[in-house]
Amino acid sequence: MPRKVVQGPIRDKEKTKQKLLAAVGKILRVKGYSGLKVSKIAAVAGFDKKLIYEYFGSTDKLIDEYIKSQDYWSNNLAGSSAEIDLSDGGKELSKIALINQFESLKKNKELQKIILWELSEPKPILRRLADEREEMGDVMFKNITDPYFGEDKAKRFRAIMALMISGAYYLNIHTAANGSTFCGLDMKSEEGRSEIEKAIVEIIDFAYQK
């Protein structure tokens, strides 16, 4: 019985924190990043704004935690590399990571807003996210793909990955904001998206050709 007395407030605190984080996501979807004001977040969550300062320290830290929870690369790359055979120099890992990112971003409207925010404002919390994303990617490059390609070709492979990652960002954001067709491919159809995924596989295979 005494344990329940201790755990109750802890559970309540976690529930409150999750509701505040969910409120950030809801505002991003509906209003965009310009709507992320402390009073609005508190109102959407249904709590006094003082709880934001009590549980997170500041509005920026609350938003920072939410953004980190949504970023595909920070949350998935390490786990993916642990589950895949890397004896091919990271070829299969690269394919899976890029295709999963392409599909994940389609479903995650909040992350689409975050990426647009990154492109629109030089904010410290977004700079930190970009830096952490780079650090995570650098671990894969330095430990897996760079040794495979060697000094001469490692940078070329990084450039190929940069083009494909940024392309996946743009295709999804363009589709959500302005229309479904790009280069004659319907990005809202399974057929159109499948062609992009096939192209990802072909480009990675090409990059790994000796």
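About the thresholds
- Residues numbered from 1 in each chain as written.
- Predicted model: local features only at pLDDT ≥ 70, side-chain atom pairs only at ≥ 80, totals over all residues.
- Heavy atoms only, no water.
- Helix = DSSP H or I, 4+ residues; strand = E, 2+ residues; numbered from the N terminus.
- Contact = heavy atoms within 4.5 Å.
- Areas by Shrake-Rupley, 256 points an atom, 1.4 Å probe, with all protein chains shown as cover.
- Lys, Arg positive; Asp, Glu negative; His and termini not counted.
- Charge placed at Lys NZ, Arg CZ, Asp CG, Glu CD.
- Domains from an automatic or database assignment.
- Buried area = accessible area lost by both parts, 1.4 Å probe.
- Salt bridge = Lys/Arg side-chain N within 4 Å of Asp/Glu carboxyl O.
- Axes fitted to C-alpha atoms, helices over the stretch in contact; angles between N-to-C directions.
- Parallel < 35°, antiparallel > 145°, perpendicular 65-115°, else oblique.
- Left-handed = near helix turned anticlockwise from the far one by under 90°.
- Nonpolar A, V, L, I, M, F, W, Y, C, P; charged D, E, K, R; others polar.
- Phe/Tyr/Trp six-rings, centres within 6.5 Å; stacked < 30°, edge-to-face > 60°.
- Buried < 20%, exposed > 50% of the residue type's maximum accessible area, 1.4 Å probe, protein only.
- Patch = residues over 30% accessible without salt bridge, like charges linked within 9 Å, V, L, I, M, F, W, Y side chains within 5 Å.
- Expected span 1.5 Å × (residues − 1).
- Polar contact = N/O pair within 3.5 Å; in protein donor to acceptor, adjacent residues only side chain to side chain.

**What about the overall build of the protein chain?**
Then step 1. Across its full length, the protein chain carries nine helices and two strands.
Then step 2. Going from N to C terminus, the protein chain has its helices and strands arranged as α-α-α-α-α-α-α-α-β-β-α.
Then step 3. If one aligns the C-alpha atoms of the protein chain with their principal axes, the spans along those axes are about 65 × 45 × 35 Å.
Then step 4. The long-range fraction of contacts in the protein chain, counting pairs at least 24 apart against all pairs at least 6 apart in sequence, stands at 65%.
Then step 5. Summed over its atoms, the accessible surface of the protein chain is roughly 12200 Å², and 53% of this surface lies on carbon and sulfur atoms.
Then step 6. Averaged over its 35 positive side-chain charges, the protein chain has a centre that lies 8 Å from the centre of its 31 negative ones.

**Comments concerning the domain arrangement of the protein chain**
Then step 1. Taken domain by domain, the protein chain comprises domain 1 (9-70) and domain 2 (91-208).
Then step 2. Look at where the C-alpha atoms of domain 1 and domain 2 centre, and you get two points 28 Å apart.
Then step 3. Each side of the interface is counted separately: domain 1 has 12 residues, and domain 2 has 15 residues.
Then step 4. Both faces combined, the contact of domain 1 with domain 2 buries some 1300 Å², and carbon together with sulfur accounts for 67% of it.
Then step 5. It is Tyr33, Ile67 and Gln70 that lose the most area in domain 1 upon contact with domain 2, and together they represent 48% of the buried surface on that side.
Then step 6. Inspection of the domain 1/domain 2 interface yields three salt bridges.
Then step 7. Arg128 is the salt-bridge partner of Asp64, the closest N and O atoms lying 3.0 Å from each other.

**Comments concerning the packing of helix α6 (residues 91-107) against helix α8 (residues 124-178)**
Then step 1. Viewed as axis vectors pointing N to C, α6 and α8 meet at an angle of 20 degrees, and their least axial separation amounts to 11 Å. Here α8 runs roughly parallel to α6, going by the angle between their axes. Where α6 crosses over α8, the two elements pack in a sense that is right-handed. Touching Leu93, Ser94, Leu98, Gln101, Phe102, Leu105 and Lys106 of α6 are Met140, Ile144, Phe157, Met161, Met164, Ile165, Ala168, Tyr169, Leu171 and Asn172, all from α8.
Then step 2. For the contact of α6 with α8, the per-class residue count stands at 13 nonpolar, three polar and one charged.

**Some remarks on the packing of aromatic side chains**
Then step 1. In total, this model carries seven aromatic pairs according to the counting rule given.
Then step 2. Their ring planes at 25 degrees and their centres at 4.8 Å tell us that Phe149 and Phe157 sit as a pair that is stacked.
Then step 3. A relative accessible area of 13% means that Phe149 is categorised as buried.
Then step 4. According to the relative accessible area criterion, Phe157 is buried, its value standing at 1%.

**A few points about a positive patch on the surface**
Then step 1. A surface patch of like charges, here positive, comprises Lys106, Lys107, Lys109 and Lys188.
Then step 2. Structurally, the position occupied by Lys188 is in the loop between β2 (185-186) and α9 (190-207).

**Considerations on the environment of Met164**
Then step 1. Among the secondary structure elements, Met164 is positioned in helix α8.
Then step 2. We classify Met164 as buried; its relative accessible area is 12%.
Then step 3. Between the C-alpha atom of Met164 and that of Leu116, which follows or precedes it by 48 residues, the distance is 17 Å.
Then step 4. Non-local contacts of Met164, meaning those with residues more than four positions away in its chain, are made with Leu98, Ile200, Ile203 and Ile204.

**Description of the side chain of Thr175**
Then step 1. Along the chain, Thr175 turns up in helix α8.
Then step 2. With near-sequence residues (within four places) excluded, Thr175 lies in contact with Ser180, Met187 and Lys188.

**Focus on helix α7 (residues 109-120)**
Then step 1. Look at α7: 17 Å from first C-alpha to last across 12 residues, which is about the 16 Å you get at 1.5 Å a residue.
Then step 2. Regarding α7, its N-cap is Asn108, as a side-chain oxygen of that residue lies 3.2 Å from the backbone nitrogen of Glu110 further along.

**Concerning the pattern of salt bridges**
Then step 1. Per the stated rule, a full pass over the model turns up 12 salt bridges.
Then step 2. Here Lys198 ties to Glu195 by a salt bridge, and the two come within 3.5 Å at their closest N and O atoms. Within this pair, Lys198 and its partner Glu195 are both found in helix α9, separated by three residues, close to a single helical turn.
Then step 3. Residue Lys198 is classed as partly exposed on the basis of its relative accessible area of 45%.
Then step 4. One salt-bridge network, in which partners are shared between bridges, spans Asp138, Lys142, Asp146 and Arg158.

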